[in-house]
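So you can see what is in the structure, the chains are spelled out below.
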Amino acid sequence: KLSMWQAMLSYGALFRLPHTLGILMLASVTYASFISLRGLWLGPLLVERHGFSLVQSGNIALAVSVVGMFGPPLFGRLDPGPARRRQRITLCTVLVAAGFFLMAFAPSAGIDVAVMLATGLLSGYIVLQYADTRGAYPPDMTGRAMALFTMAMFLGVAFMQWFTGAVASLATAHGLDPFAVVLATIGILLLLGAAGFAWLPKPPRA
């Protein structure tokens, strides 16, 4: 039986594989972008930017959550398989990033609500990342790989919420629209994650 220290050291084998970095880069921003929007910025954005009431913004948050429930089974059914899965993941990430840029630079209540709902549905593609990660490692490393992937997702959530809060404070201090800066920042982080996933070394099967 492995000790806790030996178990932790066993994760080093994952980092010695060149494709791990790209997988973790994307994992740290995809779920984080959706949670940061729905959980942190949706309410303030609708209330302060568009004058929604708390009840109205709560209704939109509920709608985004409900729509988001349909995304994972939908994308599970639409999984194109290993040969094209990574391309589908990259494309979906770029589309979500485009939605954030649209909200940042074309502020409109209708656009913002529509993009929020679309993001809720499109976020279901994250299930394809699970399938991609499972297939990227040999069977004896799959458990550790999935644990590391999940850890990256949740650390990404914490980091993105902290970082966008800091960015909003900095934008306000310089007289900029904090919502535009925050949304653009999330879009940039998504593009960086997608670039790492697409351009860094890929798993041997890819």
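Asks: Teacher, can you tell me more about the environment of Val67 here?
Replies: Within the element layout of this structure, Val67 appears in helix H4 (residues 54-77). Separated by 28 residues in the primary sequence, Val67 and Leu95 have C-alpha atoms spaced 17 Å apart. In this structure Val67 touches Leu117, Gly120 and Leu121, once residues within four positions along its chain are discounted.

Asks: I'm lost on the layout of surface pockets in this one. Help?
Replies: Leftover empty space is mapped by rolling, across the atoms, a probe with the size of a water molecule. Considered as a void within the structure, the largest pocket measures approximately 170 Å³ in volume. Lining the largest pocket are 14 residues, with Tyr31, Phe34, Pro72, Ser123 and Ile126 sitting closest to its centre. Every element with two or more residues in the lining of the largest pocket is listed here: helix H3 (20-50), H4, helix H7 (126-135) and helix H8 (139-173). Counting residues per element, the lining of the largest pocket draws most heavily on H3, at four residues. By residue class, the composition of the lining of the largest pocket is nine nonpolar, four polar and one charged.

Asks: I keep staring at the pattern of salt bridges and nothing clicks. Help me out?
Replies: Here the idea is simple: oppositely charged side chains can pair when their charged atoms come close. Under the definition given, this model contains four salt bridges. Among the salt bridges present, the one from Asp177 reaches Arg49, with a minimum N-O distance of 3.6 Å. With Asp177 in the loop between H8 and helix H9 (178-199) and Arg49 in helix H3, the pair connects residues that are 128 residues apart, well separated along the chain. Exposure remark for Arg49: the relative accessible area of 18% places this residue in the buried category. Two residues, Arg86 and Asp132, come together in a salt bridge whose shortest N-O distance is 3.2 Å. In this pair, Arg86 sits in helix H5 (residues 82-105) while Asp132 sits in helix H7, placing the two residues 46 residues apart along the sequence. Residue class for Arg86 comes out buried when judged on its relative accessible area of 7%. When salt bridges that share partners are traced, they join Arg49, Asp112 and Asp177 into one network.

Asks: Teacher, can you tell me more about the environment of Thr142 here?
Replies: Structurally, Thr142 can be placed in helix H8. Considered as a pair, Thr142 and Ser57 are 85 residues apart in the sequence and their alpha carbons are 41 Å apart. In this structure Thr142 touches Arg134 and Tyr137, once residues within four positions along its chain are discounted. At 3.2 Å, the side chain of Thr142 and the backbone oxygen of Pro138 are in polar contact.

Asks: Help me understand H4 in this model?
Replies: Three or four residues apart is the spacing at which side chains of an α-helix point the same way, because the helix has 3.6 residues per turn. Along its 24 residues, H4 runs 36 Å from first to last C-alpha, staying within 8% of the 34 Å computed at 1.5 Å per residue. For H4, the complete set of buried residues consists of Ser57, Ile60, Val64, Gly68, Gly71 and Phe75.

Asks: What is the right way to read the confidence of the model for the chain from this model?
Replies: Low pLDDT means the predicted coordinates in that region are not meant to be read closely. Counting all residues, the mean pLDDT for the chain is 94, and 95% of those residues have values of 70 or more. Per-element confidence in the chain is highest for H9, whose mean pLDDT is 98, and lowest for helix H1 (residues 4-10), whose mean pLDDT is 66.

Asks: Got a minute to help me understand the packing of aromatic side chains in this structure?
Replies: Think of a pair of aromatic rings as described by two things: how far the centres are apart, and how the planes are tilted against each other in angle. Summed over the entire model, instances satisfying the criterion amount to eight aromatic pairs. Centre to centre, the rings of Phe101 and Phe105 are 6.5 Å apart; their planes meet at 10°, and the pair counts as stacked. In this pair, Phe101 and Phe105 both sit in helix H5, four residues apart, roughly one turn of the helix. The exposure class assigned to Phe101 is partly exposed, which follows from its relative accessible area of 24%. Summarising the aromatic geometry, the rings of Phe159 and Phe163 are spaced 5.3 Å apart at their centres and angled 10° between planes, so their arrangement reads as stacked. Placement of the pair is Phe159 and Phe163 together in helix H8, with a separation of four residues, close to one helical turn. Taking the relative accessible area as the measure of exposure, Phe159 reaches 43% and is therefore partly exposed. Members of the aromatic cluster, joined through ring pairs, are Phe159, Trp162 and Phe163. Looking at Arg86, its charged tip hangs above the ring of Phe197, at a distance of 3.9 Å from the centre.

Thresholds, definitions, all that
- Residues numbered from 1 in each chain as written.
- Predicted model: local features only at pLDDT ≥ 70, side-chain atom pairs only at ≥ 80, totals over all residues.
- Heavy atoms only, no water.
- Helix = DSSP H or I, 4+ residues; strand = E, 2+ residues; numbered from the N terminus.
- Contact = heavy atoms within 4.5 Å.
- 1 Å grid on protein atoms, 1.4 Å probe; cavity = no way out; pocket = protein on both sides within 12 Å on 5 of 7 lines; lining within 4 Å.
- Points joined across faces, edges and corners; volume = space filled by probe spheres on them.
- Nonpolar A, V, L, I, M, F, W, Y, C, P; charged D, E, K, R; others polar.
- Salt bridge = Lys/Arg side-chain N within 4 Å of Asp/Glu carboxyl O.
- Buried < 20%, exposed > 50% of the residue type's maximum accessible area, 1.4 Å probe, protein only.
- Polar contact = N/O pair within 3.5 Å; in protein donor to acceptor, adjacent residues only side chain to side chain.
- Expected span 1.5 Å × (residues − 1).
- pLDDT = per-residue confidence, 0-100.
- Phe/Tyr/Trp six-rings, centres within 6.5 Å; stacked < 30°, edge-to-face > 60°.
- Lys NZ or Arg CZ within 6 Å of the ring centre and 35° of its normal.

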